[in-house]
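# Chain and residue survey
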Amino acid sequence: MEAHSMEKVLRDMDGIRIDSGVTTELDSAGEVENDDTSNDHALFEVRLSAGKGLGLFALVDIPRGMRLIAEPALIILPTSEPDFKHIWKDFKKLTPHQFDQMGGLSSVSHTVKSSLQGLIRHRLSTQQQYSGTALDAAVKDEMQMRAIFNTNAVAMGMESLYGRGLFLLSSRLNHSCVPNVFQDYNVTLEMTTVHATRAIKEGEELTLSYCQHVRNNHEERAEVLDFWEFKCDCPACKGPEVSVREKLRRRIVELATGLAKYDLGSLDYATPSNHSKALVWGEEVLLLLREQGLEDMVLAPAYRKCSRYCVQLGQMEKAMAYARKELEVQRYCLGTETAHMEMDMEGAEFWIKHVEQMAEKDRVKIAMNQKRTRKEDKKAEKKAAKKAVKGGR
Ligand SMILES: C[S@@+](CC[C@H](N)C(=O)[O-])C[C@H]1O[C@@H](n2cnc3c(N)ncnc32)[C@H](O)[C@@H]1O
């Protein structure tokens, strides 16, 4: 397979318009073949992003929560058999068009160990009986495919439970440490989805985070991003806002670390001293995240923590309000097809049910306490009345 030039990629991309994750082929005149209205709804396009290769750009103003992409994996590397040699045959099953599109994805060569070359050569010559220039070309192809896979593949499910997948369209999303979209593998849909996590203006680039954008400082993030061979120039990494943003993120990490220790039962100078203080810390984390526009799924556990502290404090209405905020975040980041999360006893719906049960238990307890108090009051009244009668005699 030849290396694909940017010009070729652009030519290929030019024949495609994207409509909420559905790709519609255009005829040579650029008209939509089957539905001439769908192009009016295109939400974004693939085009060059200065210094970043290709990227996705909003064609219209996009509200928070809008689903931008829902696409199945082109190739899946299962977690049970993570060796690439097992999926080499899957690459060969792709249609020429898919193969061409995949070949146009970005690749960072150092993501493949050069020492693999010898092993691949050996396998291809013995098992596939390649030789001479055909063998050289096959080795080069496999090295290139591996590099494309490693550069673009994303985890499917928590800790790659469903493997690592290569997705054609979402692979074009560039990185920012202040992202505006969230990508997730949806087990119920068996697709990767991309949602806007805040309002995006027409012309703005859609960006997601390739790293733990909140926890690391910008040098630590730069180390992780080195894998993709670029230096991030988002407002958290470059420019006048860096020091302020860095300070705020440090504060978030400080608070979150203290809360994590507190949740494990530690109490020291770096942890809150009780549930009320923990709630105050948790609320500060929420405020700092939102203030910096970090409003993707990082917000969900922060809301959960606050909701949990409220339950522990018996503040059930507030606990429910935070649980509903968590659900709101989950919905705008992941959509509504989250049955898999509830089944795994995860996710905001599951937590809301738990808070409802706790609130019900609380109501019963309060009602019983009130009944007991009324009974005791009556008893005391009777006793007092008896005493009064005795006193009157
Ligand atoms: C998953 S691909 C993203 C799409 C890619 N731009 C393309 O043309 O296919 C990752 C590659 O995109 C580029 N990239 C992503 N985010 C970037 C950023 N913030 N600044 C510069 N380059 C970036 C890097 O070359 C990286 O190796």
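Here, the structure is the one placed above.
Reference entry: report on the structure contained in this document. These numbers were taken from a predicted model, which means no experiment stands behind them.

## Section: the site of the ligand
Taken together, 16 residues surround the ligand, and among them Lys-52, Leu-54, Arg-172, Asn-174 and Trp-228 come closest. In this structure, Lys-52 approaches the ligand through a main-chain N or O atom, which is 2.6 Å from a nitrogen atom. For the ligand, a nitrogen atom lies 2.7 Å from a polar atom in the backbone of Leu-54. Residue assignment for the shell around the ligand shows that the elements contributing at least two residues are strand E4 (53-58), helix H5 (132-152) and strand E9 (174-175). Split into classes, the residues belonging to the shell around the ligand amount to six nonpolar, eight polar and two charged.

## Let's talk about the sheet that holds strand E6 (residues 75-77)
Strand order in the open sheet made by the three strands is E6-E8-E7, with antiparallel pairing throughout. Pairing within the sheet leaves two strands with one partner each, and these edge strands are E6 and strand E7 (154-155). Here H5 sits on the sheet and contacts E6, E7 and strand E8 (164-166); the angle it forms with E8, its principal contact strand, is near 110 degrees.

## Let's talk about helix H7 (residues 242-263)
Taking 1.5 Å as the rise per residue, H7 with 22 residues should run 32 Å; its terminal C-alpha atoms sit 31 Å apart, in good agreement. Taken together, the buried positions of H7 are Val-242, Arg-245, Glu-246, Arg-249, Ile-252, Leu-255, Gly-258, Leu-259 and Tyr-262. Against the buried residues of H7 lie helix H6 (218-225), helix H8 (275-291) and helix H9 (299-312).

## Describing the packing of aromatic side chains
The final tally for this structure, using the stated rule, is seven aromatic pairs. On the basis of an interplanar angle of 55 degrees and a centroid distance of 4.8 Å, the ring pair of Tyr-210 and Trp-228 is categorised as tilted. Remark: Trp-228 occurs in the loop between H6 and H7 and Tyr-210 occurs in the loop between strand E12 (205-208) and H6; sequence separation between them is 18 residues. Where Phe-227 meets Trp-228, the ring centres are 4.9 Å apart and the plane angle is 75 degrees; that geometry is what we call edge-to-face. Judged by its relative accessible area of 34%, Phe-227 is partly exposed. A residue is classified by how much of its surface remains accessible, and Trp-228, at 22% relative accessible area, is partly exposed.

## Here we look at the nonpolar core
Burial of nonpolar side chains together is a common tendency in soluble globular proteins. Leu-289 and Val-329 are the most contacted members of the largest nonpolar core, which totals 46 residues. Looking at this core, the elements with two or more residues in it are H7, H8, H9, helix H10 (316-334) and helix H12 (347-392). Element by element, the count of residues in this core is highest for H10, at ten residues. In this structure, this core is formed jointly by two domains, domain 1 (1-72 + 169-208) and domain 2 (295-393), each of which donates at least three residues. Of all hydrophobic cores here, the second largest spans 24 residues; its members include Ile-87, Leu-105, Leu-124 and Ala-147.

## A short note on the sheet that holds strand E10 (residues 181-186)
Taken in spatial order, the three strands make up an open sheet running E5-E11-E10, and their pairing is antiparallel. Every other strand in the sheet has two partners, leaving strand E5 (67-71) and E10 as the edge strands with one partner each. Adjacent strand axes in the sheet meet at a mean angle of 15 degrees when their direction is disregarded. In this structure, E5 lies alongside strand E11 (residues 191-196), joined through four bridges in antiparallel fashion.

## Quick word on the state of the cysteines
Here, disulfide denotes a covalent bond that connects the sulfur atoms of two cysteines. In this structure the tally under the stated criterion is zero disulfides. No disulfide involves Cys-234; its nearest neighbouring cysteine sulfur is the one of Cys-232, lying 3.6 Å away. Under the relative-accessibility criterion, Cys-234 is labelled buried at 6%.

## Some remarks on the pairing of strand E3 (residues 44-49)
Where E3 lies against E4, six bridges are found, and the strand directions are antiparallel. Each bridged residue has a counterpart across the sheet, and for Phe-44 the counterpart in E4 is Ala-58. Between the end of E3 and the start of E4, which pair antiparallel, lie three residues, with Gly-51 showing a positive phi angle near 75 degrees.

## Notes on the environment of Glu-283
By the element assignment, Glu-283 lies in helix H8. Glu-283 sits in the partly exposed class, given a relative accessible area of 24%. Considering only alpha carbons, one finds Glu-283 and Tyr-303, 20 residues apart in sequence, at a separation of 8.2 Å. When residues no more than four places from it in sequence are discounted, the contact partners of Glu-283 are Cys-306, Lys-318 and Tyr-322. Polar side-chain contacts of Glu-283 include one of 3.1 Å to the side chain of Lys-318.

Thresholds applied
Here the residue numbering is sequential within each chain, running from 1 through the sequence in written order. Local features in this predicted model are restricted to residues of pLDDT 70 or higher, and side-chain atom pairs are both shown and tallied only at a pLDDT of 80 or more, whereas totals for entire chains, interfaces and linings draw on every residue. Hydrogens are left out, water is left out, and the side-chain values use all remaining heavy atoms of the structure. Proximity is defined per residue: if any heavy atom of the residue lies within 4 Å of a molecule or strand, that residue is considered near it. As used in this structure description, the phrase polar contact means that two N or O atoms lie within 3.5 Å; if the pair is within protein, one of them must be able to donate a hydrogen and the other to accept it, and residues adjacent in sequence are counted only when both atoms belong to side chains. Counting from the N terminus, the helices are the DSSP runs of H or I reaching at least four residues and the strands are the DSSP runs of E reaching at least two. We call Asp, Glu, Lys and Arg charged. Ala, Val, Leu, Ile, Met, Phe, Trp, Tyr, Cys and Pro are nonpolar, and the rest, Gly among them, are polar. The criterion for strand pairing is that DSSP finds at least two bridges linking the strands in question. Between two residues, a contact is recorded if the distance between any of their heavy atoms is within 4.5 Å. Angles run from 0 to 180 degrees between N-to-C directions of axes, and those axes are lines fitted to C-alpha atoms, restricted for helices to the stretch in contact. Expected helix span is given by 1.5 Å per residue-to-residue step, counting one fewer step than there are residues. We call a residue buried when its accessible area falls under 20% of the maximum for its residue type, exposed when it is over 50%, and partly exposed in between, using a 1.4 Å probe and counting protein chains only. Think of it this way: a Phe, Tyr or Trp ring, Trp meaning its six-membered ring, pairs with another when their centres are within 6.5 Å, and the plane angle makes it stacked under 30 degrees, edge-to-face over 60, tilted otherwise. In these notes, a set of buried Ala, Val, Leu, Ile, Met, Phe, Trp, Tyr and Cys residues joined through side-chain atoms within 4.5 Å is what counts as a nonpolar core. Boundaries of every domain are those given by an automatic assignment or by a domain database. By disulfide we mean two sulfur atoms from cysteines, separated by a distance within 2.5 Å.

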